[in-house]
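Chains, contacts and geometry: an overview
Each chain is listed here by its residues.
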Amino acid sequence: AGTLGVGGTTFVGSNTNAGTTATFNQTGGTHNAGALDVGLGATTVNYNLSGAAVLSVTGDEAVGATTAGTLTQTGGSNSAGDLTVGFNPTVVGTYALGAGTLSVGTSEILGLFGNGTLNQSGGTHTITGSAGLLLGSIAGGVGTLNLSGGSLATPNAYAGGSDGDAGGTGTL
């Protein structure tokens, strides 16, 4: 298995190709990136992580950045500095964690300005940063976490805002 190293941002989808489909399938190897945007211009955007694949994003990982995006993890590992699902207003982002490990550093936001959902049916999910998990963190944002299997560990969890700010709608 090989290694893909991107010093800046890996964009899945394109601002100039609305109406198209963009899919990134990673079944093995290592993908290192400074940032990752899944959902950028194309109508259907998917990132599929499986097998023994390693995805390592040192900065921001956005699923549903400017258009709808889905990240499906059925194996492997994903480590991100920050994870935002449902970034911009009216954008829908979905993260499906069925197996493997998801490790987030500073914060995980489901529904920043958009609509973000994380469906976890298995795997190990850890957030280490003190900001923790934020569902619907800003007014207008809608965040949903559906936990039906696996494990989730976070230092804090906020539904509809944070410890200092009113927010949108959060469902856990």
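Above this text is the structure in question.
Note that the structure is predicted; figures quoted are calculated from it, not measured. (Residues numbered from 1 in each chain as written. Predicted model: local features only at pLDDT ≥ 70, side-chain atom pairs only at ≥ 80, totals over all residues. Heavy atoms only, no water.)

Bridge count between strand β7 (residues 92–110) and strand β10 (residues 132–135): four bridges; the pairing is parallel. Within β10, the position partnered with Glu-108 by the bridge is Leu-133. Examined bridge by bridge, β10 and strand β13 (residues 157–159) share three bridges and lie parallel to one another. Each residue of the ladder has a partner; that of Leu-133, found in β13, is Ala-157. (Pairing = 2+ DSSP bridges. Helix = DSSP H or I, 4+ residues; strand = E, 2+ residues; numbered from the N terminus.)

On to the nonpolar core. Residues Val-12, Leu-36, Tyr-47, Leu-83, Tyr-95, Leu-102 and Leu-110 are the most contacted members of the largest nonpolar core, which totals 26 residues. At the level of elements, β3 (30–38), β4 (44–49), β5 (54–63), β6 (69–85), β7 and β10 are the ones that each hand at least two residues to this core. With five residues, the single largest contributor to this core is β7. Dropping the residues within four chain positions of it, Val-12 is found in contact with Ala-22, Phe-24, Leu-36, Asp-37, Val-38, Gly-39, Leu-40, Val-45, Asn-46 and Tyr-47. (Core = buried A, V, L, I, M, F, W, Y, C linked by side-chain atoms within 4.5 Å. Buried < 20%, exposed > 50% of the residue type's maximum accessible area, 1.4 Å probe, protein only. Contact = heavy atoms within 4.5 Å.)

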